[in-house]
Amino acid sequence: MLGRMKLLHPEAYQAAAEAAFRMEASRLQALLPEAHIEHVGSSAVPGLLSKGDLDLCVLVAPDAHASAVQSLVQAGYAIKPDTLRTPELCMLLPPEPGAAPGLDLAVQLVARGSRFEFFLHFRDALRADLALVARYNELKRAHEQADPARYREAKAQFVAEVLGLPRS
């Protein structure tokens, strides 16, 4: 049975997401002092509907990526199962999921200068163009009843289009 994607309106979640971001970013900065931490994803874009995700992009030097993963795992973060993992990208879940009540928090640990900086570029493109925000909101609304895999594919196509990336 297909699950309905529950969409939250910005006024219902963005203030809480920003507060949770600041708290989690502070914890991450203490663990990885050389990292640069950015709020990305829907909760970082004014006016954007969200599934209730809070995404942090943690940028580290390419030669420090593996040790940063190890440091976070030792601090209780868990590598997120069934996600892309490369020497330049590792998605992790926090040790305390309840740190951001009502929000699914995820950390994208990214090697600086890698193609995975697209998290930042996509966020910035949306912040700069209200028409893109409206289109993305419509895409989300159109997939509320859809198979999650269909939503992910439509989202991937949208991201590629916004960033001018080829789709395979």
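In case you missed it, the structure is sitting above this.
Keep in mind it's a predicted model, so treat the numbers as computed, not measured. (Residues numbered from 1 in each chain as written. Predicted model: local features only at pLDDT ≥ 70, side-chain atom pairs only at ≥ 80, totals over all residues. Heavy atoms only, no water.)

### Notes on the sheet that holds strand β1 (residues 36-40)
(1) Moving on: Strand order in the open sheet formed by five strands is β1-β2-β5-β4-β3, and the pairing between neighbours is mixed. The sheet is open, and its two edges are formed by β1 and β3 (78-79), each paired on a single side.
(2) Moving on: Relative to strand β5 (residues 104-111), strand β2 (residues 53-60) runs parallel, the two being bridged by eight bridges. If you follow V58 over to β5, its bridge partner there is L109.
(3) Moving on: On the sheet, helix α3 (residues 118-127) packs against β1, β2, β4 (89-93) and β5 and is oriented at approximately 45° with respect to β1. (Pairing = 2+ DSSP bridges. Helix = DSSP H or I, 4+ residues; strand = E, 2+ residues; numbered from the N terminus. Contact = heavy atoms within 4.5 Å. Axes fitted to C-alpha atoms, helices over the stretch in contact; angles between N-to-C directions.)

### A closer look at the packing of α3 against helix α5 (residues 148-163)
(1) Moving on: Interhelical geometry of α3 versus α5 gives an angle of 75° and a closest axis separation of 10 Å. What the angle tells us is that α3 and α5 run roughly perpendicular. Here F118, H121, F122, A125 and L126 of α3 come into contact with α5, specifically with F158, V159, V162 and L163. (Parallel < 35°, antiparallel > 145°, perpendicular 65-115°, else oblique.)

### Section: the side chain of N137
(1) Moving on: One can find N137 in helix α4 (residues 130-142).
(2) Moving on: Within the structure, N137 has its side chain in polar contact with the backbone oxygen of G47 (distance 3.0 Å).
(3) Moving on: The residues contacting N137, other than those within four sequence positions of it, are G47, L48 and L49. (Polar contact = N/O pair within 3.5 Å; in protein donor to acceptor, adjacent residues only side chain to side chain.)

### A word on the pairing of β2
In summary, the side chains of a regular strand alternate between the two faces of the sheet.
(1) Moving on: Of all eight residues in β2, seven are buried, a share of seventy percent or more.
(2) Moving on: Where β1 and β2 come together, five bridges link them in antiparallel fashion. Bridging across to β2, H36 finds its partner in L59. (Buried < 20%, exposed > 50% of the residue type's maximum accessible area, 1.4 Å probe, protein only.)

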